[in-house]
Amino acid sequence: MTETLLEVRGLTKHFKLDNDIVSRIAGKTRTLKAVDGIDFFIKRGETLGLVGESGCGKSTTARLITRLVEPSEGEVMFKGENLLNYNRSEMQEVRKAVQLVFQDPYSSLNPRKTIMQILSRPLEVHNLAKSWSEKRRRVLELLGLVGLGEEHADRYPHEFSGGQRQRIAIARALAVSPELIIGDEPVSALDVSIQAQILNLFRDLQEQFSLTYLFIAHDLSVIRHISDRVAVMYVGKIVEAGDVADIFEQPKHPYTKALLEAVPEADPDKPPPHLVLKGEVATPIDPPPGCRLCARCPLADDYCAEVAPELKDDGTGHYVACHKV
Amino acid sequence: MSDNVLELDDLTIRFKLKRGDLTAVNGVSFGVKRGETFGLVGESGSGKTVTARSIMRLVPMPPGEILKGRVLFEGESVYDKSDNEMREMRGKKVAMVFQEPMSALNPVFTVGSQIGDALRTNLGMSKQEADERVVELLSLVGIPSPASRLDSYVHEFSGGMRQRVMLAMALSCDPTFLIADEPTTALDVTIQATILELIESMIDRFGMSLIFITHNLGVVAHACDTIGVMYASHIVELASKQEIFKNPQHPYTQGLLNSIPRLDHQSKYLTPIKGLVCNMMNPPTGCKFHPRCDHAMDVCRQEIPQMKEVAPGHFAACHLHN
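Keep in mind that this is a model prediction, so the values were computed, not measured.

## Overview of the overall build of chain A
Thought 1: A tally of helices and strands in chain A yields 11 helices and 12 strands.
Thought 2: Against the globule reference of 20 Å for 325 residues, chain A gives a C-alpha radius of gyration of 21 Å, in line with a compact fold.
Thought 3: The burial tally for chain A puts 43% of its 325 residues in the buried class.
Thought 4: Of all intrachain contacts in chain A linking residues separated by at least 6 positions in sequence, the fraction that spans at least 24 positions is 65%.

Here it is as structure tokens:
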């Protein structure tokens, strides 16, 4: 039985909008429920894909796990310990084990530092290199791991293309030999031919270092390719989760089904993209009780509007939050 | 006599920059027939947008200059038109939809006034006539309760709704030709699906021709009849949608199709195109794709391949087909 590396229980982040103009005029505080009580787990060595549309809370989830944003409620269990009980120095230790790769490699690398400086920083922070020569050796090793060479070490980020910068960001994450890497849309900004290179790199590194990934993306074909299991988010909630093949071949939640039908596939013989949902994405600000999808859902009835469905296991590890399934 | 509404013939556009010369569009030729949907696909920096903008004469000159070639719209050279004739063409005959509705629409005017502006200027409508027509247009593109949205500002709309507003503006003067530059790239996949359906229904309804620019191969597979694949300022392959997807002839097109992750079949590793896109300030000699190509031969390093008809109506620019 593989160990559960990360488990998130009832994770919640509510942002109080007490200073915005609408709240002031209305004389009451509105609440933006960015992440509203989500549960998931990741086993050691697997890749969990977290997919959803803009604003559904994917990135906030990544930041909550690493406590870059403090959760309002819930538990983040990493190797059996709740990270939310940790103090600063204990978190510092955890950050060696959990690393982030961000979407935009243009803003995540400091333009005034050389690649050498960028990659040695984590080694310095965590005291992982005793001497200058050891540091340099380790940085060159990291560059090699991501397909770059010694000649790149003394250059600045602007001298690299988007794909190369993302390689550097990945090397920086690897510097501290992490166990879990959280990729927040790490390939979304890249062209397809480069995206494929970076996805293969993620695969290689996972095999080589037995890494565990939480891979966040909005592109369903990327999620399908990289994930072992998938969780689908909609407006702060996980609506469906399970093995990648189950989610893509036997989706149960109306939102997952709609998402899959909306993807244009690169094959003219496939049916054209089509949207069965009505209207637009619901707002996470003071959402009504009940299912977040109910205003758009073809199956919804009065009960859906009143009671929010729980995420339930159907017995096979396929979780769905829908009254109609 | 060709039946093309639009024809680009050996169009070559160079930018004179401080750092040196950059040829953004290099010997690009294609035609678009009435009612046809032409997809221009390629990765960032391949020259898609400059090609599209050159049709409307929206490429700033200087620093840009047309080195050779021409753009013919309805048989007339666009670059020989006077400013007045261009005004007649823009909006009324050819309209454009851009990627970022937030930066293409004006944030300080209401939606009603900016769409109405085009109607009053181009068609000489009165304020009231224009308002009525704007309501019609907004309902056409699927904006709920259009009359009440006349006085709304752009920031009051969501991304998908803004793209609908932009489409309404593009359609306002009944153009016969629409250029859509990555119209769905900034949108979520569910919103993208609705906008694609909307564009398609508008094209059918008004019998317009369309140039659809995108980097998303999934989108062109459904939205276009004919596809031109661009790489580093050249069109490297030009064929019907079926031919491009089922029988790609250029190694770059093949590489692109192999490198996208698929929903329908799975493999552990993808097959990326090796290497990086070439530096356009200092492009390789010969075929610009040769440093990344598995089939590169000596001739590829020396000579730029010309477009050849490899099957009826299917053109590719590759020395493999000599």
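That shown, we press on.
## Brief notes about the sheet that holds strand E1 (residues 4-17) of chain B
Residue and element names in this part refer to chain B.
Thought 1: Taken together, 4 strands build an open sheet; the order of strands is E2-E1-E4-E5 and the sheet is antiparallel. The open sheet has two free edges, formed respectively by strand E2 (20-33) and strand E5 (76-77), since each of these has just one partner strand.
Thought 2: Here 2 bridges tie strand E4 (residues 64-73) to E5, and the two strands are oriented antiparallel to one another. Paired with Leu72 across the strands is Ser77, a residue of E5.
Thought 3: Set on the sheet, helix H1 (residues 48-55) makes contact with E1, E2 and E4; between it and E2 the angle comes to about 65°.

## Here's the deal with the pairing of strand E8 (residues 209-214) of chain B
Residues and elements named next belong to chain B.
Thought 1: The buried count for E8 comes to 6 of 6 residues, which makes it a mostly enclosed element.
Thought 2: Along E8, one buried face is formed by Ser209, Ile211 and Ile213 and the opposite face, lined by Leu210, Phe212 and Thr214, is buried too.
Thought 3: Sheet topology places strand E7 (residues 177-181) next to E8; 5 bridges connect them, and they run parallel. The residue of E8 that forms the bridge with Phe177 is Ser209.
Thought 4: Note that the unit made of E7, helix H8 (residues 189-206) and E8 has a crossover that is right-handed.

## Considerations on the interface of chain B and chain A
Thought 1: Contact residues are listed per partner, giving 36 residues for chain B and 34 residues for chain A.
Thought 2: Of all the secondary structure elements, the ones that give two or more residues to the side of chain B that touches chain A are H8, helix H9 (217-223), helix H10 (241-246) and helix H11 (251-259) of chain B.
Thought 3: Considering each element in turn, the side of chain B that touches chain A owes the most residues, 6 residues, to H8(B).
Thought 4: Along the lines of polarity and charge, the residues of the side of chain B that touches chain A split into 17 nonpolar, 13 polar and 6 charged.

## Details of the domain arrangement of chain B
Residue and element names in this part refer to chain B.
Thought 1: By the assigned domains, chain B splits into domain 1 (4-224) and domain 2 (241-322).
Thought 2: A C-alpha centroid distance of 28 Å is found between domain 1 and domain 2.
Thought 3: Broken down by class, the residue content of the side of domain 1 that touches domain 2 amounts to 4 nonpolar, 2 polar and 2 charged.

## Concerning the environment of Val51(A)
All names here are of chain A.
Thought 1: You can see Val51 is positioned in strand E3 (residues 47-51).
Thought 2: Separated by 54 residues in sequence, Val51 and Pro105 have C-alpha atoms that sit 20 Å apart.
Thought 3: For Val51, the contacting residues outside a window of four places in its chain are Ala217, His218, Leu220, Ile223, Val230 and Val232.

## Considerations on the sheet that holds strand E11 (residues 312-313) of chain A
Thought 1: With mixed pairing, the 8 strands of this open sheet are ordered in space as E6-E7-E8-E3-E9-E10-E12-E11 (chain A). Looking at the sheet topology across the chains shown, the edges are occupied by strand E6 (98-101) and E11 of chain A.

## Some thoughts on the pairing of strand E9 (residues 226-231) of chain B
Residues and elements named next belong to chain B.
Thought 1: Counting buried residues in E9 gives 6 out of 6 residues, a clear majority hidden from the surface.
Thought 2: Burial along E9 is two-sided: the face carrying Thr226, Gly228 and Met230 and the face carrying Ile227, Val229 and Tyr231 are both buried.
Thought 3: As paired elements, strand E3 (residues 37-41) and E9 share 4 bridges and run parallel to each other. When the bridges of E9 are listed, Leu40 appears paired with Gly228.
Thought 4: Alignment of E9 against strand E10 (residues 234-240), held across 6 bridges, turns out to be antiparallel. From the neighbouring strand, Tyr231 faces E10, where its bridge partner is His234.

## Digging into the nonpolar core
Thought 1: Among the nonpolar cores identified, the biggest contains 179 residues, and Leu214(A) and Val232(A) are the most heavily contacted of them.
Thought 2: Residue contributions to this core peak at 8 residues, all from helix H7 (residues 159-171) of chain B.
Thought 3: Both domains that furnish three or more residues to this core are identified here as domain 1 (4-224) and domain 2 (241-322) of chain B.
Thought 4: Beyond its immediate sequence surroundings of up to four residues, Val232(A) is in contact with Val51(A), Gly52(A), Ile238(A), Val239(A), Glu240(A), Ala241(A), Ile247(A), His253(A), Tyr255(A) and Thr256(A).

## Observations regarding the packing of helix H4 (residues 111-123) of chain B against helix H5 (residues 127-140) of chain B
All names here are of chain B.
Thought 1: The N-to-C vectors of H4 and H5 enclose an angle of 115°; their axes lie 9 Å apart at closest approach. Once H4 is placed against H5, the crossing between them reads as right-handed. Every residue of H5 that contacts H4 at Gly112, Ile115, Gly116, Leu119 and Arg120 is listed here: Ala130, Asp131, Arg133, Val134 and Leu137.
Thought 2: When grouped by side-chain class, the residues that make up the contact of H4 with H5 number 5 nonpolar, 2 polar and 3 charged.

## Details of the environment of Leu196(B)
Thought 1: With respect to the helices and strands, Leu196(B) occurs in helix H8.
Thought 2: Among the residues examined, Leu196(B) registers 23 C-beta atoms within 10 Å and is labelled buried.
Thought 3: Between the alpha carbons of Leu196(B) and Pro183(B) there is a distance of 8.8 Å; along the sequence they are 13 residues apart.
Thought 4: Apart from the residues within four sequence positions on either side, Leu196(B) is in contact with Pro273(A), Thr184(B), Val219(B), His222(B) and Ala223(B).

## Some thoughts on unusual backbone geometry
All names here are of chain B.
Thought 1: Geometrically, the link from Met61 to Pro62 is a cis peptide bond, its omega value of -10° lying close to zero.
Thought 2: Within the secondary structure layout, Pro62 lies in the loop between H1 and E4.
Thought 3: With an omega of 5°, the peptide bond running from Pro62 to Pro63 counts as cis.
Thought 4: Residue Arg57 is not a glycine yet carries a positive backbone phi of 55°.

## Quick notes on the packing of H4(B) against H7(B)
Residues and elements named next belong to chain B.
Thought 1: Packing of H4 against H7 brings their axes to within 9 Å, and their N-to-C directions diverge by 25°. Judged by the inter-axis angle, H4 sits roughly parallel to H7. Our pair here, H4 against H7, has a crossing hand that is right-handed. Each of Val111, Gln114, Ile115 and Ala118 in H4 lies in contact with H7, whose residues at this interface are Val165, Ala168 and Met169.
Thought 2: Classifying every residue of the contact of H4 with H7 by side-chain character gives 6 nonpolar, 1 polar and no charged.

## Here's the deal with the environment of Pro251(B)
Thought 1: Structurally, the position occupied by Pro251(B) is in helix H11.
Thought 2: Sequence separation between Pro251(B) and Ala296(B) is 45 residues; the distance between their C-alpha atoms is 9.7 Å.

The rules behind each value
Residues numbered from 1 in each chain as written. Chains lettered and ligands numbered in written order. Predicted model: local features only at pLDDT ≥ 70, side-chain atom pairs only at ≥ 80, totals over all residues. Helix = DSSP H or I, 4+ residues; strand = E, 2+ residues; numbered from the N terminus. Rg over C-alpha atoms; globule rule 2.2 N^0.38 Å. Buried ≥ 20, exposed ≤ 12 C-beta atoms within 10 Å, placed from the backbone. Contact = placed C-beta atoms within 7 Å. Pairing = 2+ DSSP bridges. Axes fitted to C-alpha atoms, helices over the stretch in contact; angles between N-to-C directions. Right-handed = clockwise from strand over helix to strand, strands pointing away. Nonpolar A, V, L, I, M, F, W, Y, C, P; charged D, E, K, R; others polar. Domains from an automatic or database assignment. Core = buried A, V, L, I, M, F, W, Y, C linked by C-beta atoms within 7 Å. Left-handed = near helix turned anticlockwise from the far one by under 90°. Parallel < 35°, antiparallel > 145°, perpendicular 65-115°, else oblique.

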